[in-house]
Amino acid sequence: MIVKSDKEREGMRKASQVVKAALEQAEKFIKAGVTTLEIDAVVEQVIRSYGATPSSKGFHGYPNASCISVNDVVVHGIPSLMTVKDGDIVSVDITALLNGYQGDAARTFAVGNVSEADKKLIDAAKAAFFAGIEYAKAGNKVGDISAAVQLYTELNGFGVVRALTGHGIGHKMHEPPEVPNFGRHGTGSPLKSGMCICIEPMITAGDWRVKIDRDGWTTRTMDGKNAAHYENTVIITDGEPEILTL
Ligand code: MF3
Ligand code: CO
Ligand code: CO
């Protein structure tokens, strides 16, 4: 169901706390010289320590517990023996399943000293999320969130990825409705109290167009410029939304 019961919402909160903890440990662990596979191992360990499972692993054949996307990789970077370097920006996206409920969140972390431009890019992804969530309220429409994310992003000179969207979430990682990061006010599905959605701006320093590597997952900017990602799992209410992964 699109609208979650009290019991389901409680399950979503608990699953989201696992994701939050895994992101916190990933952030602490990330430094120049660690491999993205080592970061993934930390994520998987935290998830399993809660008795949860990493939903990404095996999802349409995806091999790992997290998506780790460095610099021009927007999303779905596959952990590897590649080490992260001073000045890199590293997006970590984690979905965990606990007692039948999913939580999903992403952050972009700076490794050591990153450029001012990259700091602004990271901050803009977060700010775009908060611009969107202003409209995440029962009675509004999904397009109100989308339009606000797009407007904020583009007014600040960044690009907003079109090929991938946010989504509903519940017993499954991806449920209706889609929550695009671009669109028009007053369009799309109505938001209802008790709905659970992931709002996840994926924004680019240059053009918004992306391409997928031959591994079928790694999604990069076409122009090779950097990208940032910021995602939370959110419950819609009649008033302030509840952000579960913060
Ligand atoms: N966590 C991603 C999202 O925000 C989905 C990752 S699916 C995977 O929707 F298979 F790539 F892990
Ligand atoms: Co995610
Ligand atoms: Co998501």
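That block above? That's the structure.
Here the structure is a predicted model, which is why all the values come from computation and not from measurement.

Draft legend 1. Molecular detail of the coordination of the cobalt ion (ligand 2). The coordination sphere of the cobalt ion (ligand 2) contains the protein donors D93 (OD), D93 (OD), D104 (OD) and E231 (OE), at a distance range of 2.1 to 2.6 Å. In this structure, the cobalt ion (ligand 2) is surrounded by six donor atoms whose angles at the metal cover 55 to 171°, and the resulting shape is irregular. In primary sequence terms, the donor set of the cobalt ion (ligand 2) follows D-x10-D-x126-E. The cobalt ion (ligand 3) is placed at 3.2 Å from the cobalt ion (ligand 2), the two being bridged by D104. Taken together, the residues span a long stretch of sequence, with D104 in strand 5 (residues 101–110) and E231 in the loop between strand 13 (227–229) and strand 14 (232–235) at a distance of 127 residues. Comparing D104 with E231, the two get one shared label, buried.

Draft legend 2. How the structure looks around the sheet that holds strand 13. Judged by pairing direction, the sheet is antiparallel, and its three strands sit side by side in the order 6-10-13 without closing on themselves. Two strands bound the open sheet, and with one partner strand each, they are strand 6 (159–160) and strand 13. Looking at chain direction, strand 6 and strand 10 (residues 202–204) are connected through two bridges and run antiparallel. Paired with V160 across the bridge in strand 10 is I203. The strands touched by helix 3 (residues 116–133) are strand 10 and strand 13; relative to strand 13, the strand with the most contacts, the crossing angle is about 35°.

Draft legend 3. Molecular detail of the packing of helix 1 (residues 6–29) against helix 2 (residues 36–49). Here helix 1 crosses helix 2 at 145°, and the two axes come no closer than 9 Å. Considering how the two elements wind past one another, helix 1 and helix 2 form a crossing that is right-handed. Contact residues: V18, A21, A22, Q25, A26 and F29 in helix 1; E38, I39, V42, V43, V46 and I47 in helix 2. In terms of residue class, the contact of helix 1 with helix 2 is made up of 10 nonpolar, one polar and one charged.

The rules we used
- Residues numbered from 1 in each chain as written.
- Chains lettered and ligands numbered in written order.
- Predicted model: local features only at pLDDT ≥ 70, side-chain atom pairs only at ≥ 80, totals over all residues.
- Heavy atoms only, no water.
- Donors = N, O, S within 2.8 Å, 3.2 Å for Na, K, Ca; no water.
- Tetrahedral: all angles 85-135°; square planar, octahedral: opposite > 155°, others 65-115°.
- Helix = DSSP H or I, 4+ residues; strand = E, 2+ residues; numbered from the N terminus.
- Buried < 20%, exposed > 50% of the residue type's maximum accessible area, 1.4 Å probe, protein only.
- Pairing = 2+ DSSP bridges.
- Contact = heavy atoms within 4.5 Å.
- Axes fitted to C-alpha atoms, helices over the stretch in contact; angles between N-to-C directions.
- Left-handed = near helix turned anticlockwise from the far one by under 90°.
- Nonpolar A, V, L, I, M, F, W, Y, C, P; charged D, E, K, R; others polar.

That's the geometry; what it means functionally is another story.
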